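Secondary and tertiary structure notes
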Amino acid sequence: MAYLDHAATTPMLPEALAAYVATAGELGNASSLHAPGRRARRLVEEARERIAAALGARPSEVIFTSGGTESDNLAVKGVFWARRDADPARTRVIASSIEHHAVIDAVEWLVGHERAAVTWLPVDEVGRVEVDALRAALDRYGDQVALVTAMWANNEVGTVQPVAELAGACARYRVPLHTDAVQAISQVPIDFAASGVAAMTVTGHKLGGPIGVGALVLGRDVDCTPLLHGGGQERDVRSGTLDVPGIVAFAASVEAAVKARSAYVARVGGIRDLLVARVRDAVPTALLNGDPVDRLPGNAHFSFPGCEGDALLLLLDAQGIACSTGSACSAGVAQPSHVLLAMGADDDRARSSLRFSLGHTSTLADVTALVDALPAAVERAGRAGAVRAARG
Amino acid sequence: MSGGVDSAVAAARAVDAGYDVTGVHLALARNPKTYRSGARGCCTLEDARDARRAADVIGIPFYVWDMADRFHEDVVDDFVAEYAAGRTPNPCLRCNEKIKFAAVLDRALALGFDAVVTGHHARLGDDGLLRRSVDAAKDQSYVLAVLRPEQIAHAMFPIGDTGKVDVRTEAAQRGLAVAEKPDSHDICFIADGDTHGFLRGRLGAQPGPIVDAASGDVVGGHDGAYAFTVGQRRGLRVGVPAADGRPRYVLDVSPVTRTVTVGPAELLDVDVVVGGSPTWCGPVPALPFAGLAQLRAHGAPIPCSADMDGDSLVVRLDESARGIAPGQTVVLYDDDRVIGSATIQRATSSQRASATSST
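Residues numbered from 1 in each chain as written. Chains lettered and ligands numbered in written order. Predicted model: local features only at pLDDT ≥ 70, side-chain atom pairs only at ≥ 80, totals over all residues.

Take the overall build of chain A next. Along chain A, the regular secondary structure elements total 13 helices and twelve strands. Here chain A has a C-alpha radius of gyration of 21 Å; the compact-globule value for 392 residues is 21 Å, and the two agree. For chain A, the C-alpha atoms occupy an extent of roughly 65 × 55 × 35 Å along the three principal directions. Across the 392 residues of chain A, 54% fall into the buried class. The contacts of chain A with a sequence gap of at least 6 include a subset with a gap of at least 24, amounting to 74%. (Helix = DSSP H or I, 4+ residues; strand = E, 2+ residues; numbered from the N terminus. Rg over C-alpha atoms; globule rule 2.2 N^0.38 Å. Buried ≥ 20, exposed ≤ 12 C-beta atoms within 10 Å, placed from the backbone. Contact = placed C-beta atoms within 7 Å.)

Here it is in structure tokens:
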């Protein structure tokens, strides 16, 4: 099998798995006062410190959650609520138009249920958020804005975003910036304190940790109303018994991924560059989406004109090659990618796209397997696309 | 794979027969949001989940194919237009003709597959010709009689040699959780079963008179002729009793004048059925053809002779049938073999001067 869907989830790193197994047998609720509880608490706090150190944050800024979706919801809704409570005029969210659905749907929920206003920031043709559009929106709405949310790197097309510039624009208006850094953590340099970001979403399973644990890195001075109420864990921002083995394994993965980043970027980026070149050789009509240079090293994203992405996925899957058409929908019905549509692609180009994402277990053999199977799959998917098109 | 027991067992049998099988569930609701949170979204998601679980157990890949636009154009819009025109369509026939063995089959062939396998209760003989299921009560050959030979050549019906009870037993033996799932009967795109309400929502109120066939008198009114089908008795709400005191039935629906004509049951008896251009499922039969005609999905077959009159198929029944509506389909059988089908344009009685017809 050639697994080319590391952006969906990537295998656990050996050190993370070992940490999980070693900890899972331990007894103790980290909120308990007795000795087993204190032992569990110590493991959690050491993990928090390791993650904070790896990400350039203070330990108290690391709020453990169940993962990316929860962290995004907590940041978007929680910061919105807190800012509006402090100043009822602040009811507007500014969001990039290429966010993950965990952000988009949270923003739309605020619009539908909390009467929030929203400004969607456009992107250019490579999927890069237009900083001038943010400046213009802040000039116009500065004193009405609750928060700005813009991801660090796009999960579909891989384009790395101008986070420093976005944060700089926000700072001038003293507006908090949330960024979803789920895809970026192991692939681009990140220093939370230096970035000027107020809140940052991270998750374990995209970088070799377990599924079901993540964090919101939340600046000390950023107010955030909780989504979950209960025992008051995590600065009273996120109640719930702490997942000790998950957190310890998450810390191991963050630490390992950040430490190995330079080598990872060189090795995985090299395989990715070869993949792009060989896909273009094999299928000359293929169009690379996203920023050709400033993109995640593990990401390659193409449109195959005349083909439907989900037909290609089926055919490649049958050849043992796992890839993705973009964000999966719960019912399994392929929708044209909102990211590509925001980049100005037409519906056909958006539907004809496929993402190949690499990770720490990727090898050149994966590229070879893909390139061996791809031309026949494109030929067949093209016929299926023609059947559809002929009908009009 | 609908999520039901029949398609699950059909898929399993196709695997057993040595084929390389991929499971496909069709997403047919147009607004994808209904799959996530709509009123009937839960049922649709549940069916998709059941189909996925069956595919897991069988050990085959599984995908959802979005056929919502095609389904809406070819089945739902057709269904509404047929009722608006005073006819009584069978959407399952259209779905087989236009979706399962057209849109799905064409896509499958283009992708390199050889056939579409379904859980229909029907058989393909060694001669490759379409036949009834061995389970007469569950036979679905009627709704497949719209298929042309080139469609049937790429169809497989693995469970047609097995009764429904045995299909359920086999599903249980295979560990398929859908073994006990109840059969679906309703029109799949009318979730609450309220066809009249569905049509009213799309066609609006179209009030008109209910007229007695014998006297010509207006005996009542209605909100839309599309709510009535030939042979219907219930829901007439006729204020004036019939002269003879006997129950009255819908004899004719004329959407242009919005008139629903009612009369006694015997005026529903017909023995000549005229259909449009027929679809032959296999070789074109020698004409005139003597065999059996079936006029409803679960109607009894009636001995008949059939011949062409220009482009029309004329079927003469040896015994009369009651309440045959334009828009329904007449299917011809030679014993248990499906010969072909035609959409009924009008049905008349050779005994009566007066004829029921549709404009």
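On to the pairing of strand 3 (residues 92–96) of chain A, then. Residue and element names in this part refer to chain A. In terms of burial, strand 3 is a largely internal element, five of the five residues being buried. When strand 3 meets strand 4 (residues 117–121), the two strands line up parallel, connected through five bridges. The residue of strand 4 that forms the bridge with Ser-96 is Leu-121. Between the parallel pair strand 3 and strand 4, the chain is carried across by helix 4 (residues 101–113), and the sense of this crossover is right-handed. With four bridges joining them, strand 3 and strand 5 (residues 145–149) adopt parallel strand pairing. Along strand 5, the bridge assignment pairs Val-93 with Leu-147. (Pairing = 2+ DSSP bridges. Right-handed = clockwise from strand over helix to strand, strands pointing away.)

Here we take up unusual backbone geometry. Of note, the bond from B:Leu287 into B:Pro288 is cis; its omega dihedral lies within 30 degrees of zero at -5 degrees. Topologically, B:Pro288 is positioned in the loop between strand 12 (279–280) and strand 13 (289–294). You will see that A:Arg235, though not glycine, has its phi angle at about 60 degrees, which is positive. Turning to its location among the elements, A:Arg235 is positioned in the loop between strand 8 (214–218) and helix 8 (244–259). Note on A:Arg235: 14 C-beta atoms within 10 Å, which makes it partly exposed.

Residue and element names in this part refer to chain B. Looking at chain B as a whole, its pLDDT mean stands at 89, while 92% of the residues score no less than 70. When mean pLDDT is compared element by element in chain B, strand 3 (residues 116–117) scores highest at 98, while helix 2 (residues 41–58) scores lowest at 81. For residues 32–42, every residue scores under 50 in pLDDT, and the model assigns this stretch 20 contacts once sequence neighbours within four places are set aside. Here the predicted complex scores 0.88 on pTM and 0.85 on ipTM. (pLDDT = per-residue confidence, 0-100.)

Core analysis: the biggest nonpolar cluster contains 121 residues, and A:Leu312, B:Ala8 and B:Val273 have the highest contact counts within it. Dropping the residues within four chain positions of it, A:Leu312 is found in contact with A:Phe304, A:Cys307, A:Leu354, A:Ala377, A:Val378 and A:Ala381. Core analysis: the second largest hydrophobic core is formed by 96 residues, A:Val76, A:Val93, A:Ala257 and A:Leu296 among them. (Core = buried A, V, L, I, M, F, W, Y, C linked by C-beta atoms within 7 Å.)

In this section: the sheet that holds strand 4 of chain A. Residue and element names in this part refer to chain A. Taken in spatial order, the seven strands line up as 2-8-7-6-5-3-4 in an open sheet, and their pairing is mixed. If you trace the sheet from one side to the other, it starts and ends with strand 2 (62–65) and strand 4, each paired once. Sheet twist, expressed as the mean angle between neighbouring strand axes with direction ignored, is 20 degrees. Across five bridges, strand 7 (residues 199–203) lies against strand 8 in antiparallel orientation. Bridge pairing in strand 8 links Thr-201 to Leu-216. In this fold helix 5 (residues 131–141) packs onto strand 3, strand 4 and strand 5, with an angle of close to 155 degrees to the strand it touches most, strand 4. (Axes fitted to C-alpha atoms, helices over the stretch in contact; angles between N-to-C directions.)

Turning to the environment of B:Val75, a few remarks are in order. Residues and elements named next belong to chain B. Along the chain, the position of Val-75 falls in helix 3 (residues 68–84). Overall, Val-75 belongs to the buried group, with 25 C-beta atoms counted inside 10 Å. C-alpha separation for the pair Val-75 and His-25, spaced 50 residues apart in sequence, amounts to 17 Å. Those residues in contact with Val-75 that sit more than four places away from it in its chain are Pro-91, Arg-94, Cys-95, Lys-98 and Ile-99.

Residues and elements named next belong to chain A. In a regular helix each residue adds 1.5 Å, so 13 residues correspond to 18 Å; helix 4 covers 17 Å between its end C-alpha atoms and thus fits that length. Among all positions in helix 4, only Ala-102, Val-103, Ile-104, Ala-106, Val-107 and Leu-110 are buried. In this structure, the buried side of helix 4 is in contact with helix 3 (68–86), strand 3, strand 4, strand 5 and strand 6 (177–180). Directly after helix 4, the chain includes Arg-115, whose backbone phi takes a positive value near 55 degrees. (Expected span 1.5 Å × (residues − 1).)

On to the pairing of strand 7 (residues 208–212) of chain B. Residue and element names in this part refer to chain B. In terms of strand pairing, strand 7 meets strand 8 (residues 218–222) through four bridges, oriented antiparallel. When the sheet's bridge partners are listed, Val-211 is paired in strand 8 with Val-218. Here strand 7 folds back onto strand 8, and the loop between the two strands holds five residues, one of which, Gly-216, carries a positive phi near 80 degrees. Both strand 7 and strand 10 (residues 259–263) contribute to a ladder of three bridges, which runs parallel. Bridge pairing in strand 10 links Ile-210 to Val-260.

Its 22 residues place the ends of helix 9 (residues 261–282) of chain A 30 Å apart at the C-alpha level, agreeing with the 32 Å of an ideal helix rising 1.5 Å per residue. Within helix 9 of chain A, the full set of buried residues consists of A:Tyr264, A:Val268, A:Arg272, A:Leu275 and A:Val279.

All names here are of chain B. The contact between helix 1 (residues 5–16) and helix 6 (residues 164–173) brings their axes to 10 Å, and the two run at 65 degrees. The crossing of helix 1 and helix 6 is left-handed. Here Val-5, Asp-6, Ala-8 and Val-9 of helix 1 come into contact with helix 6, specifically with Val-167, Arg-168, Glu-170 and Ala-171. Of the residues assigned to the contact of helix 1 with helix 6, the class counts are five nonpolar, no polar and three charged. (Left-handed = near helix turned anticlockwise from the far one by under 90°. Nonpolar A, V, L, I, M, F, W, Y, C, P; charged D, E, K, R; others polar.)

The residue B:Leu109 is located in helix 4 (residues 91–110) in this model. Residues B:Leu109 and B:His154, spaced 45 residues apart in sequence, show a C-alpha to C-alpha distance of 8.8 Å.

Residues and elements named next belong to chain A. Strand order in the open sheet made by the three strands is 9-10-12, with antiparallel pairing throughout. Of all the strands in the sheet, just strand 9 (287–288) and strand 12 (353–357) have a single pairing partner and so form its edges. For strand 9 and strand 10 (residues 299–303), the ladder comprises two bridges, and the chain directions are antiparallel. In the sheet register, Leu-288 faces strand 10, and the bridge partner there is Phe-302.

Looking now at the packing of helix 1 (residues 14–24) of chain A against helix 8 of chain A. Residue and element names in this part refer to chain A. Between helix 1 and helix 8, the least distance of the axes is 8 Å, while the angle of their chain directions is 160 degrees. The orientation of helix 1 with respect to helix 8, classified from their angle, is roughly antiparallel. The chirality of how helix 1 crosses helix 8 is right-handed. The residues of helix 8 that touch helix 1, namely those facing Glu-15, Ala-16, Ala-19, Tyr-20, Thr-23 and Ala-24, are Val-244, Pro-245, Val-248, Ala-249, Ala-252, Ser-253 and Ala-256. Considering only residue class, the contact of helix 1 with helix 8 consists of ten nonpolar, two polar and one charged. (Parallel < 35°, antiparallel > 145°, perpendicular 65-115°, else oblique.)

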